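Residue-level structure breakdown
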Amino acid sequence: MEDNSGFRPSAGNLDDPPNSRVFLVVSKSMTEDMIRERFAEFGDIQDIWVVKDRNTKESKGIAFVKYAKSSQACRAMEEMHGRTLSDSSKPIKVFIAQSRGSTSHREVEDEELTRIFLMIPKTYSEDDIKNRFKEYGPVEYCSIIKNKTTGESKGLAYVRFQKPSHAALAIENCDRSFKAILAEPRSRGSAASEAADYHGPSRQQQQQQQDPLPHEPAGAMYSYGQSDQYDYSLYDKAGDSRGQESVSKRLTVVSRVPLVQDQIYGLFDLIPGLEFCDVQRDMFSSFAYAVVQYQNISSAIYAKYKLHGFEYPPGNRLGVTYLSDGGDGTE
DNA sequence: CGACGGGACGC
DNA sequence: CGACGGGACGC
């Protein structure tokens, strides 16, 4: 459908294969060698490019790393996003880079990277598909497109994985007869409306509700291993565990050690949709207190889920709660 | 005779 | 806040 070869002759392999390049937001002091040192373990690096100011030659704090395969780039994102590399610097950000011709710098959402679309024999059941594809990673669900009236298979199916790297591995390695590709997002709507429909395989997810607020040590934020990608949908409204708190798109953040605006912003901006961040420090204690606001409720829910109890800096657990005022309950 | 292209979700 | 260099192909 899209023919993105054809202009820019010398950049032919930048987006080949698709989604094989990561976009990094790092400290300005991070050199190409330091990046290579940390990112080589995820795959064959074909190119590293630290973007520098034309005149001063100083790094702008962003870089691109091109891998041979999409699965390698995805793993680098999953493992490195949110990590604090050199101490006393902000957590880095790692995204799948937009293709070079793209004018939009919208972040590529994981929703767009975890679902594949494929062709199957009409005799296949959902379980058949799952059994064929679980070798690439845990399968969130499979769905076969069927005739609405007769219920017969149309020979087309979707498979949702938990991690982008698993979807990429499936595309790279499954039998070619499946013609597996990344699925286009089903809905252009909000993340909340998407999440609402992803309740298919709820058994594994329900087990995770036993520990709804994992206290991850300061490391990668996207510890996909626990299938937490859509968990926030489970906390959306319908307050389950400890009484119902009223959610809002505004959060309060408390910290035992003083933090400045940049630090809070850098941390909460790891969750897409951050609108603003306001940090105040209590003059008579060393506590820091901040208000952060997201564009929508589901981003805020996800941010609270991911960052409440998070150690930042290491040893300092943040407290994150909903701010009741100013939060309209719908979005 | 002769052998493979097609492809989108109940909002 | 945080998005695109360098270098040169082969009839």
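Residue positions are counted from 1 within each chain, in the order its sequence is given. For this description, chains carry letters from A and ligands carry numbers from 1, given in the order in which they are written. Per-residue local features of the predicted model are confined to residues with pLDDT of at least 70, and side-chain atom pairs are confined, for both listing and counting, to 80 or more; whole-chain, interface and lining totals are unaffected and use all residues. Hydrogens and water are ignored here; the side-chain numbers use all heavy atoms of the structure.

Within an unreviewed UniProt entry, the label attached to chain A reads RRM domain-containing protein, and the organism entered is Ranitomeya imitator.

1. Thoughts on the packing of aromatic side chains
We call Phe, Tyr and Trp rings a pair once their centres come within 6.5 Å, taking the six-membered ring for Trp, and we label the pair stacked below 30 degrees between planes, edge-to-face above 60, and tilted otherwise. Tallying each qualifying case throughout the model produces 8 aromatic pairs. Plain terms: the ring middles of Phe-133 and Tyr-136 are 6.0 Å apart, the flat faces sit at 55 degrees to each other, and that makes the pair tilted. Remark: exposure states derive from per-residue accessible area (1.4 Å probe, protein chains only) relative to the maximum for the residue type, with buried under 20%, exposed over 50%, and partly exposed in between. Tyr-136 sits in the buried class, given a relative accessible area of 12%. With a centroid separation of 6.4 Å and 35 degrees between ring planes, the pair formed by Tyr-302 and Tyr-305 is classed as tilted. Here Tyr-305 and Tyr-302 lie together in helix H9 (residues 297-307), a separation of 3 residues that amounts to about one turn. Here the two residues Tyr-302 and Tyr-305 agree in accessibility, since each one is buried. Per the convention used, a helix needs a DSSP run of H or I reaching at least four residues, while a strand needs a run of E reaching at least two, with both numbered from the N terminus.

2. Focus on the UniProt feature "domain: RRM" (unreviewed entry) in chain A
UniProt positions are given in the numbering used here, feature names are shortened, and annotations may be inferred rather than shown by experiment. UniProt feature "domain: RRM" (unreviewed entry): in the numbering of this structure it lies at residues 12-99 and 120-185. For residues 120-185, the helix share is 27%, the strand share is 29%, and the end-to-end C-alpha distance is 20 Å.

3. Brief notes about helix H4 (residues 164-173)
Regarding H4, the residues found buried are Pro-164, Ser-165, His-166, Ala-167, Ala-168 and Ala-170. Here, two residues are considered to be in contact whenever any of their heavy atoms come within 4.5 Å of each other. Buried residues along H4 sit against helix H2 (70-80), strand E5 (115-119), helix H3 (126-133) and strand E7 (153-161).

4. Observations regarding a nonpolar patch on the surface
Like charges are joined within 9 Å and nonpolar side chains (Val, Leu, Ile, Met, Phe, Trp, Tyr) within 5 Å, but only among residues with over 30% relative accessible area and no salt bridge; these make up the patches. Each accessible area is a Shrake-Rupley result for a 1.4 Å probe, and residues are judged covered by the shown protein chains and nothing else. Salt bridge, as used here, is a side-chain nitrogen of Lys or Arg placed within 4 Å of a carboxyl oxygen of Asp or Glu. On the surface, Val-254, Phe-287 and Tyr-289 cluster together into a nonpolar patch covering about 250 Å² of accessible area. Relative to the assigned elements, Tyr-289 resides in strand E11 (residues 288-294). On the accessibility criterion, Tyr-289 (31% relative accessible area) is partly exposed.

5. Details of the nonpolar core
By convention a nonpolar core is built from buried Ala, Val, Leu, Ile, Met, Phe, Trp, Tyr and Cys residues, the set being connected through side-chain atoms within 4.5 Å. One finds Leu-251, Ile-264, Leu-267, Phe-268, Val-292, Tyr-294 and Leu-307 to be the most contacted residues of the largest nonpolar core, which totals 28 residues. Within the residue set of this core, elements represented by two or more residues are strand E9 (250-255), helix H8 (261-268), strand E10 (274-281), E11, H9 and strand E12 (319-322). No other element matches the 7 residues that H9 contributes to this core. Every residue in contact with Leu-251, bar those within four places of it in the chain, is listed here: Phe-268, Ala-290, Val-291, Val-292, Tyr-294, Ala-300, Ala-303, Lys-304, Val-320, Thr-321, Tyr-322 and Leu-323. The next biggest cluster of nonpolar side chains, apart from the first, holds 24 residues, and it includes Met-30, Ala-63, Cys-74 and Ala-76.

6. Points about the pairing of strand E2 (residues 45-52)
Put simply, side chains in a regular strand alternate between the two faces of the sheet. In this structure, E2 lies alongside strand E3 (residues 59-67), joined through 7 bridges in antiparallel fashion. Residue pairing across strands places Val-51 opposite Ile-62, the latter belonging to E3. DSSP-based pairing: two strands are paired if at least 2 bridges between them are found. Counting the residues between successive antiparallel strands, the hairpin from E2 to E3 contains 6 residues, one of them, Lys-57, with a positive phi of roughly 65 degrees.

7. Comments concerning the sheet that holds strand E1 (residues 21-25)
With antiparallel pairing, the 4 strands of this open sheet are ordered in space as E2-E3-E1-E4. The two strands at the open ends of the sheet, each matched to only one other strand, are E2 and strand E4 (93-96). Each adjacent strand pair in this sheet contributes to an overall mean axis angle of 20 degrees, direction not counted. In terms of strand pairing, E1 meets E3 through 5 bridges, oriented antiparallel. The partner of Leu-24 across the bridge, within E3, is Ala-63. Under this scheme, a helix contributes an axis fitted over its contacting stretch, all axes are lines through C-alpha atoms, and angles between N-to-C directions fall in the 0 to 180 degree range. Along the sheet, helix H1 (residues 32-39) contacts E1, E2, E3 and E4; its crossing angle with E2, the most-contacted strand, is approximately 140 degrees.

8. With respect to the protein's contact with DNA strand B
Residues are counted as near a molecule or strand when any one of their heavy atoms sits within 4 Å of it. Around DNA strand B, the structure places 14 residues, and the nearest of them are Arg-115, Phe-117, Tyr-158, Lys-179 and Glu-184. Here, DNA strand B places atoms within 4 Å of the protein, and 18% of those atoms are sugar or phosphate. Polar contact is defined as a pair of N or O atoms within 3.5 Å, subject to the rule that within protein one atom must be able to donate a hydrogen and the other to accept it, and that residues adjacent in sequence are counted only when both atoms are side-chain atoms. Contact distances for DNA strand B include 2.8 Å between a base nitrogen and a backbone N or O atom of Glu-184. The separation between a base nitrogen of DNA strand B and a polar main-chain atom of Pro-185 is 3.4 Å. Secondary structure elements with two or more residues in the surface near DNA strand B: E5 and E7.

9. Re the pairing of E4
On E4, burial covers both faces: Lys-93 and Phe-95 on one face and Val-94 and Ile-96 on the other are all buried. Two strands pair when backbone bridges link them, and E1 and E4 are joined in this way by 4 bridges, in the antiparallel orientation. Bridge assignment links Phe-23 to a residue of E4, and that residue is Phe-95.

10. What about the sheet that holds strand E8 (residues 181-182)?
Across the sheet, which stays open at both edges, the 4 strands sit in the order E6-E7-E5-E8 with antiparallel pairing between neighbours. Where the open sheet ends on each side, the last strands, each with one partner, are strand E6 (139-146) and E8. This element, H3, spans E5, E6 and E7 of the sheet and lies at about 135 degrees to E6.

11. A look at unusual backbone geometry
Each neighbour pair has its own omega, and for Asp-16 with Pro-17 the value is -5 degrees, a cis peptide bond. Across the junction of Tyr-312 and Pro-313, the peptide omega takes the value -10 degrees, indicating a cis bond. One can find Pro-313 in the loop between H9 and E12. Positive phi, close to 60 degrees, is recorded for Asn-19, a residue that is not glycine. Here the phi dihedral of Lys-57 falls at roughly 65 degrees; this positive angle occurs in a residue that is not glycine. By the secondary structure assignment, Lys-57 is in the loop between E2 and E3.

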